[in-house]
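# Summary of structural features
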Amino acid sequence: MDGDFIGYLAACCTTFSFLPQVFRAWQTRDTKAISLSMYLVFVTGVALWLVYGVLIGNWPMMVANGLTLTLAGSVLVMKLRYG
């Protein structure tokens, strides 16, 4: 199995793992059980990975972290908005 394939598969799994949380928070507007501090740290880390990907010109890293930042960031915004 090709190493790049494993990397792409891992990126898809970790990125799209946020979809159920995004949909649930969006539908219910209930974010009480979500840790604000975890999402603040995580979104910051993903943003830094995105910047790193831009700096080294790694498109898979940029795409995966851009999507993850969008999904996790939307959960963070809903947490801040709905408590």
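Since the model is a prediction, treat every value here as computed from it, not as a measurement.

### What to know about the nonpolar core
Judged by nonpolar contacts, F18, V22, A25, I34, Y39, V43, L71, A72, V75, L76 and M78 together constitute the single largest core of eleven residues. Among the elements of the structure, α2 (19-28), α3 (36-56) and α4 (59-82) are those that each provide at least two residues to this core. Here this core takes five residues from α4, the largest share from any one element.

### Comments concerning the UniProt feature "transmembrane region" (unreviewed entry) in the chain
As recorded in UniProt, the sites labelled "transmembrane region" (unreviewed entry) are residues 6-26, 38-56 and 62-80. Secondary structure within residues 6-26 divides into 90% helix and 0% strand; the distance between the first and last C-alpha atoms comes to 31 Å. The distance from the first to the last C-alpha atom of residues 38-56 is 27 Å, and the span holds 100% helix and 0% strand.

### Side note on the packing of aromatic side chains
Under the counting rule described, the total for this entry stands at three aromatic pairs. Consider the rings of F18 and Y39, whose centres lie 6.3 Å apart with planes at 80°: the pair is edge-to-face. Of the two residues, F18 is situated in the loop between α1 (3-16) and α2 and Y39 in helix α3; the sequence distance between them amounts to 21 residues. Relative accessible area serves as the criterion here: at 10%, F18 is assigned to the buried category. An aromatic cluster is present here, built from F18, Y39 and F42 joined pairwise through their rings.

About the criteria used
Residues numbered from 1 in each chain as written. Predicted model: local features only at pLDDT ≥ 70, side-chain atom pairs only at ≥ 80, totals over all residues. Heavy atoms only, no water. Core = buried A, V, L, I, M, F, W, Y, C linked by side-chain atoms within 4.5 Å. Buried < 20%, exposed > 50% of the residue type's maximum accessible area, 1.4 Å probe, protein only. Helix = DSSP H or I, 4+ residues; strand = E, 2+ residues; numbered from the N terminus. UniProt positions renumbered as here; feature names shortened; annotations may be inferred. Phe/Tyr/Trp six-rings, centres within 6.5 Å; stacked < 30°, edge-to-face > 60°.

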